[in-house]
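Spelled out, the chains give:
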Amino acid sequence: MLLTITADNLKSLLDKLARDSLLVAPVLEDGVTRLKPVKAASEIALDYSNTATSIKDFLFPQSEDLLRFVTDGTLSIEEIKPERAQVAFGIRPCDLASVALMDKVLTTGEYADTHYQARRKNTVLIGLACESPADTCFCTSYGYNPGHSAGADVMLYKDGDQYLAEALSDKGREVVGGPGEGLFKPADEAAGQAVKKAYAEKEVPFGKEVDVEGIDQLLDNFFDDQYWDDVSKKCLGCGTCTYVCPTCHCFLLTDEARGGEGLRFRCWDSCMFANYTKMAGGHNPRPSKKERVRQRFMHKLNYYPHRYHSYLCTGCGRCVAMCPVGLHIAGVIKDVKGVKAHA
Amino acid sequence: MSATFTDHQAALRDEVKKLLTDGSIKGFIGYARGRDSYHPVPAIVTRPDQVDGLILDQFSIFGLTKYLLDYIFEDGKMGIVVKGCDALGLGRLINDHRVDRNKVHVVGLPCAGVLNGEKVAKLGLGKVQRVTDKGSAFLVEGDKGSKELPKTEYLWDKCLWCENHNPAGADTLLGSEVENVAMKPRDFSDITALEKMPSAERAAFWTRQFSRCIRCYACRNVCPACNCRECVFDIADPRWVGNTVKLSEQQMFHFTRAFHVAGRCVDCGECERVCPMEIPLMKLQRKLQKDVIELFGNPKPFVPSEVEVLGQFRVTEDPEEFM
Amino acid sequence: MPENPLVPSVATIDRITPETAASDVKTFQVTFDDPAVMERFNYMSGQCAMLSMFGVGESMISITSSPTRRGFLEFSVKRTGRVTDVLHEAVEGQKIGVRGPYGNHFPLEMLKGKNLVFIGGGIGLAPLRSLINNVLDNRKEYGRIDVVYGARSPGDLCFKYEVLENWTKYENAQVHVTVDRGDETWTGPVGFVPAFLEQVNPSPRDAVAVTCGPPIMIKLVLQSLAKLGFTDDQIVTTLEMKMQCGVGKCGRCNVGDKYVCIDGPVFTLSQLKQLPPEF
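It should be emphasised that the depicted structure is a prediction, and the values quoted were computed from it without experimental measurement. (Residues numbered from 1 in each chain as written. Chains lettered and ligands numbered in written order. Predicted model: local features only at pLDDT ≥ 70, side-chain atom pairs only at ≥ 80, totals over all residues. Heavy atoms only, no water.)

Asks: I'd like a rundown of the pairing of strand β6 (residues 128-133) of chain B, residues and numbers included.
Replies: The side chains of a regular strand alternate between the sheet's two faces. Residues and elements named next belong to chain B. Sheet topology places β6 next to strand β7 (residues 137-142); five bridges connect them, and they run antiparallel. Each bridged residue has a counterpart across the sheet, and for V128 the counterpart in β7 is G142. Counted along the chain from β6 to the antiparallel partner β7, the turn is three residues long, and its residue G135 has a positive phi close to 90 degrees. (Pairing = 2+ DSSP bridges. Helix = DSSP H or I, 4+ residues; strand = E, 2+ residues; numbered from the N terminus.)

So, in structure tokens, the structure goes:
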């Protein structure tokens with residue numbers, strides 16, 4: 001059922017959510033809009049195409065405690081479990097889509113990442129459709145769109161001075177019927193569908209430039225191409241692309257101990273770092289920028305699709321905007337297609 | 001009206017083609033078009049057929065010198081295009097004995113200031129067709145509109161107080177040298193303001209900045225003064241800074257880096273420019289510059305010299321007793 | 001039993017056996033403190049486990065004991081890095097963390113009824129030892145067995161009791177040992193494993209070769225096996241990559257679209273040839 005909520009009522013809802021649980025929302029600070037815990041709706045920035053960092057920060061935090069240990073003569077291990085419930089507001093369609101891609105890695109197969117699973121279970125995602133996609137956005141290249149709502153518990157679409165709303169899951173219905181009680185009104189179904197359609201069909205200019213179709217297969221026989229040598233030379237070897245990416249999920253485990261007790265953490269790692277694959281004996285199967293750059297793009301556009309049958313990218317455009325040297329996935333897709341077309 | 005960078009693009013391509021073809025260099029480090037006309041990106045070409053991808057335009061800000069470290073263990077020369085500010089970065093790498101000047105062919109690009117692509121992109125001028133130097137302004141003509149942009153507003157800050165418009169010691173110079181005067185004096189007023197802040201307020205300011213850090217190390221990787229063979233932050237044993245992302249580790253990283261390049265920073269501002277979280281890293285460096293100027297009487301701590309302020313120790317001049 | 005697969009269980013080192021003269025390889029016999037965890041730790045030859053030295057980190061180590069011999073686990077570890085350094089300092093009775101078992105295993109079904117050639121170099125014999133003891137404990141199910149083993153020097157040979165005495169006592173089983181460099185006590189063959197393998201000259205007929213060792217040895221052994229007439233489907237080997245999670249999530253151990261921690265470490269040569277050469 002489609003609903004509407006006024007901007008003022010949405011503020012009231014967000015204030016309630018901030019009071020009753022942990023609310024994460026876009027905040028503008030020193031010129032950067034990013035997701036942060038907020039205490040009140042008044043802290044939230046609504047004028048953003050997308051946040052600098054993604055919902056990944058709160059479902060799969062950059063570092064999190066896994067266990068506590070004591071090693072004074074004996075050994076005891078205490079598992080640490082993420083318990084805190086949270087609501088994330090203002091999540092864009094590309095980031096909602098990224099959650100499904102992360103789910104495939106972290107919750108399927110023989111082993112589940114129980115920390116991620118717990119956070120997923122305890123997080124309500126409130127999506128916000130895109131009014132004005134940035135010139136680096138290309139979600140449509142992957143078949144998503146500015147109104148794509150899959151993954152949201154509640155989806156909001158700005159419609160004039162109010163919002164069209166739809167609860168898409170039990171968690172979402174609990175928000176609408178619980179803290180949201182009395183704040184939503186039923187929407188005119190036809191008008192609401194028209195709003196959704198307008199968002200779904202909204203133009204994403206950069207998306208038109210990036211044709212992803214068939215890139216997974218083109219890369220099947222591209223491992224040895226000279227292209228990787230050429231393109232990787234400009235890589236700075238920093239972790240920007242991997243850390244701002246909503247789908248990059250590589251991590252390392254690390255201990256910090258003092259006086260017989262300590263913590264084991266899980267921290268993000270980056271395939272762009274030289275030490276990432278370096279083994280204890282010194283051998284490194286990916287010794288130079290060429291192998292590392294190739295790995296990142298092959299993973300997103302070929303290896304992951306082989307395993308999980310979709311691309312590991314949602315076209316959020318963060319790497320397009322933030323890679324200091326313009327070595328981003330949209331460019332690689334265009335380049336590979338160009339190389340193949342001339343081959 | 002003086003020449004713009006674009007006026008030198010054809011000459012640069014000719015030069016690089018010649019150098020690659022006659023084997024005097026094995027590769028050239030320059031610029032290529034980025035995602036739009038406001039964000040040129042580094043490009044490293046090794047074959048003559050790639051040279052037509054090289055561009056030069058008035059947005060070519062990226063300091064390329066750090067790439068030279070990728071080639072120090074290989075035979076042969078690399079070519080590189082450097083502006084005045086970039087020449088200081090090159091000087092840093094040479095003075096630190098990390099780059100052998102004889103293995104670099106330097107193509108110098110005299111520079112009257114680089115347009116801040118981030119600012120200009122927001123004006124909605126569309127794809128840039130032409131940039132003309134009008135003296136105190138650049139006229140930017142795009143396919144969606146044109147605008148005369150005063151240099152004092154649209155150049156990168158560092159260009160305004162730049163006193164190194166002409167790259168020193170280039171092997172080839174594109175065009176002729178430009179008048180070498182700063183548009184305004186070096187301005188430390190923001191640093192003075194920070195110094196005057198009550199310490200709790202100042203701590204809050206920096207806490208806010210460093211808590212944004214994602215530890216991507218882009219600042220370190222682009223910095224010509226961060227040229228250690230193995231960075232302390234990459235050493236696993238002992239691990240000086242933990243991998244966990246928390247304020248204390250972030251601060252440890254940034255303060256260590258700041259102090260390690262103190263007196264060696266060439267003021268290129270690249271760390272701050274490439275930071276994806278827009279942390280004002282140059283405020284740390286400029287505070288240290290200001291201190292070096294005031295404490296050591298060195299008016300230009302950012303110009304690499306044989307004798308660095310913090311790179312020497314004379315026991316006879318040390319007022320303190322031996323520890 | 002921890003709910004999180006990344007959280008190890010507490011285990012005790014019951015026995016430490018130095019394998020080499022320089023003690024740079026030691027075998028650690030380990031049991032879980034919780035008998036239920038021990039009972040549930042069902043593994044196959046070729047699988048690995050993650051050993052935790054708390055405060056330092058974890059290291060993925062192949063299980064060298066045979067699943068046919070229950071009640072304990074054995075890990076033979078060469079001192080090569082931070083974690084293994086600390087493990088080598090451990091004493092009997094010390095507690096460590098263990099999680100696993102991880103990865104695929106040697107294809108026992110494929111080996112049944114076949115003549116088997118095991119080719120190991122140095123500490124690379126550790127995973128093969130699990131398989132060899134497994135096979136010997138079910139001796140009737142397999143054909144002729146040849147173990148070809150080499151190390152840098154006589155002092156670097158591991159599992160000497162089994163290699164030089166125990167294994168040779170089985171029917172239709174032969175052990176061929178070489179060293180790169182001999183010493184005054186060594187009367188056996190001297191030479192590198194690949195050339196030695198060619199001298200031993202095992203027949204590829206109804207045979208499967210399983211090899212494990214340093215990368216350069218594996219590379220040359222594969223060439224020698226090809227010379228001897230073994231096809232890619234008759235050759236089984238293992239890959240080694242840096243690992244952190246062991247459960248196919250953390251990303252770094254992939255070769256192409258395969259994760260060595262869950263899809264490996266055991267591959268036939270024909271499977272390996274389908275992967276990009278990045279290991």
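There is more to say, and it comes next.
Asks: Quick rundown of the pairing of strand β11 (residues 251-258) of chain A? Include the residues and the values.
Replies: All names here are of chain A. Bridge count between β11 and strand β12 (residues 261-268): eight bridges; the pairing is antiparallel. Looking at β12, one finds that L253 is bridged to R266. The hairpin formed by β11 and β12 contains two residues between the paired strands, and G259 there has a positive phi angle of roughly 55 degrees.

Asks: Now, about the sheet that holds strand β4 (residues 57-62) of chain C: what can you tell me, with residues and values included?
Replies: All names here are of chain C. Spatial ordering of the open sheet is given by β4-β3-β6-β1-β2-β5, a layout of six strands whose pairing is antiparallel. Two strands close off the open sheet at either side, each with one partner strand: β4 and β5 (73-78). Neighbour-to-neighbour, the strand axes of this sheet turn through a mean angle of 40 degrees, independent of strand direction. As paired strands, strand β2 (residues 25-32) and β5 are joined by six bridges and run antiparallel to one another. Pairing of Q29 across the sheet is with E74, part of β5. (Axes fitted to C-alpha atoms, helices over the stretch in contact; angles between N-to-C directions.)

Asks: Describe in detail the interface of chain C and chain A, supporting the description with residues and values.
Replies: Chain C puts 46 residues into the contact, and the matching count from chain A is 45 residues. Here chain C and chain A share an interface that buries about 3,700 Å² over both sides, 58% of which is from carbon and sulfur atoms. The three residues of chain C that bury the most area against chain A are C:F54, C:K249 and C:E278, which together make up 21% of that side's buried surface. Remark: the boundary between chain C and chain A carries six salt bridges. A salt bridge links C:R252 to A:D269, with the nearest nitrogen and oxygen atoms 2.5 Å apart. Summed over the shared surface of chain C and chain A, the result is 25 residue pairs in polar contact (both at pLDDT 80 or more). Those elements that provide at least two residues to the side of chain C that touches chain A are β1 (9-18), β3 (48-53), β4, β6 (95-102) and β13 (258-259) of chain C. Sorting elements by how many residues they give to the side of chain C that touches chain A places β6(C) first, with six residues. When its residues are assigned to classes, the side of chain C that touches chain A shows 21 nonpolar, 13 polar and twelve charged. (Contact = heavy atoms within 4.5 Å. Buried area = accessible area lost by both parts, 1.4 Å probe. Salt bridge = Lys/Arg side-chain N within 4 Å of Asp/Glu carboxyl O. Polar contact = N/O pair within 3.5 Å; in protein donor to acceptor, adjacent residues only side chain to side chain. Nonpolar A, V, L, I, M, F, W, Y, C, P; charged D, E, K, R; others polar.)

Asks: For the domain arrangement of chain B, give the residues involved together with the corresponding values.
Replies: A common measure of how large an interface is: the accessible area buried when the components associate. Residue and element names in this part refer to chain B. The domain architecture assigned to chain B consists of domain 1 (5-173) and domain 2 (189-296). If you average the C-alpha positions of domain 1 and of domain 2, the two centres end up 26 Å apart. Taken residue by residue, the interface counts 16 residues in domain 1 and 18 residues in domain 2. Both faces considered, domain 1 and domain 2 share a buried interface measuring about 1,400 Å² in area, 52% of it formed by carbon and sulfur atoms. In terms of surface lost to domain 2, no three residues of domain 1 exceed K66, R92 and R98, which account for 39% of the buried area on that side. On the surface where domain 1 and domain 2 come into contact, there are one salt bridge. A salt bridge links D96 to R264; the nearest nitrogen and oxygen atoms lie 2.6 Å apart. Here domain 1 and domain 2 share eleven residue pairs in polar contact (both at pLDDT 80 or more) between them. Looking at the side of domain 1 that touches domain 2, the element that brings in the most residues is helix α2 (residues 84-95), giving four residues. Its residues assigned to classes, the side of domain 1 that touches domain 2 comprises seven nonpolar, four polar and five charged. (Domains from an automatic or database assignment.)

Asks: Pulling in residues and values, what's your account of the environment of C:I235?
Replies: Residues and elements named next belong to chain C. Along the polypeptide, I235 turns up in strand β11 (residues 235-238). Among the residues examined, I235 registers a relative accessible area of 0% and is labelled buried. On a C-alpha basis, the gap between I235 and T268 in space is 5.5 Å, while along the polypeptide they are 33 residues apart. (Buried < 20%, exposed > 50% of the residue type's maximum accessible area, 1.4 Å probe, protein only.)

Asks: Describe helix α6 (residues 189-200) of chain A, with residues and values.
Replies: Residue and element names in this part refer to chain A. For α6, with twelve residues, the first-to-last C-alpha span of 16 Å sits near the 16 Å given by 1.5 Å per residue. Regarding α6, the residues found buried are G192, V195 and Y199. Buried residues of α6 fall within an arc of 55 degrees about the axis and therefore sit on the same side. (Expected span 1.5 Å × (residues − 1). Arc of directions from axis to C-beta.)

Asks: I'd love a proper account of unusual backbone geometry, names of residues and values included.
Replies: With an omega of -5 degrees, the peptide bond between C:G100 and C:P101 qualifies as cis. Checked against the element boundaries, C:P101 lands in strand β6. Residue C:P265 is reached from C:G264 by a cis peptide bond, and omega for that bond is 5 degrees. Positioned with a positive phi, B:H97 is a non-glycine residue whose angle comes to about 60 degrees. Residue position: B:H97 is located in the loop between α2 and β5 (104-108). Positive phi, close to 55 degrees, is recorded for C:N201, a residue that is not glycine. Along the chain, the position of C:N201 falls in the loop between α6 (193-200) and β10 (207-212).

Asks: Pulling in residues and values, what's your account of the sheet that holds β6(B)?
Replies: Residue and element names in this part refer to chain B. Strand order in the open sheet formed by three strands is β6-β7-β8, with antiparallel pairing between adjacent strands. Since the sheet does not close on itself, it has two edges, and those belong to β6 and β8 (145-150), each with one partner. Across the sheet, the mean angle from the axis of one strand to that of its neighbour is 15 degrees, orientation sign disregarded. In this sheet, β8 lies alongside β7 in antiparallel orientation, the contact comprising six bridges. Of the residues in β8, the one forming a bridge with E141 is S146.

Asks: Kindly report on the state of the cysteines, identifying the contributing residues and their values.
Replies: Residues and elements named next belong to chain A. Applying the stated criterion to the full structure yields zero disulfides over all chains. The structure places no disulfide on C250, whose sulfur is separated from the nearest cysteine sulfur, that of C271, by 5.6 Å. Given a relative accessible area of 11%, C250 falls into the buried group. In this model C313 remains outside any disulfide bridge; the closest cysteine sulfur is found in C319, 6.3 Å from its own. (Disulfide = S-S within 2.5 Å.)

Asks: Outline the domain arrangement of chain C, supporting the account with residue identities and numerical values.
Replies: All names here are of chain C. Considered domain by domain, chain C is made up of domain 1 (9-102) and domain 2 (108-238). The gap between the C-alpha centroids of domain 1 and domain 2 is 24 Å. On the side of domain 2, 19 residues touch domain 1, which itself brings 20 residues to the contact. Interface area for domain 1 against domain 2, summed over the two sides, is near 1,400 Å², with a carbon-plus-sulfur share of 46%. By the criterion of area lost to domain 2, the three top residues of domain 1 are E19, T64 and R69, representing 33% of everything that side buries. Here domain 1 and domain 2 share two salt bridges between them. A salt bridge links R129 to E74; the nearest nitrogen and oxygen atoms lie 2.9 Å apart. Mapped by element, the contributors of at least two residues to the side of domain 1 that touches domain 2 are β2 and β5. Here the side of domain 1 that touches domain 2 gets four residues from one element, more than from any other, and that element is β5.

Asks: Break down the pattern of salt bridges for me, citing the residues and quoting the values.
Replies: Taken as a whole, this structure holds 62 salt bridges over all chains when the rule is applied. The salt bridge involving B:D36 is made with B:R35; its shortest N-O contact spans 3.9 Å. Residue B:R35 is classed as partly exposed on the basis of its relative accessible area, which comes to 27%. Among the salt bridges present, the one from C:E162 reaches C:R129, with a minimum N-O distance of 2.6 Å.

Asks: Run through the side chain of B:N116, naming residues and quoting values.
Replies: Structurally, B:N116 can be placed in the loop between β5 and α3 (117-121). Other than its neighbours up to four places away in sequence, B:N116 contacts B:F59, B:Y154, B:L155 and B:W156.

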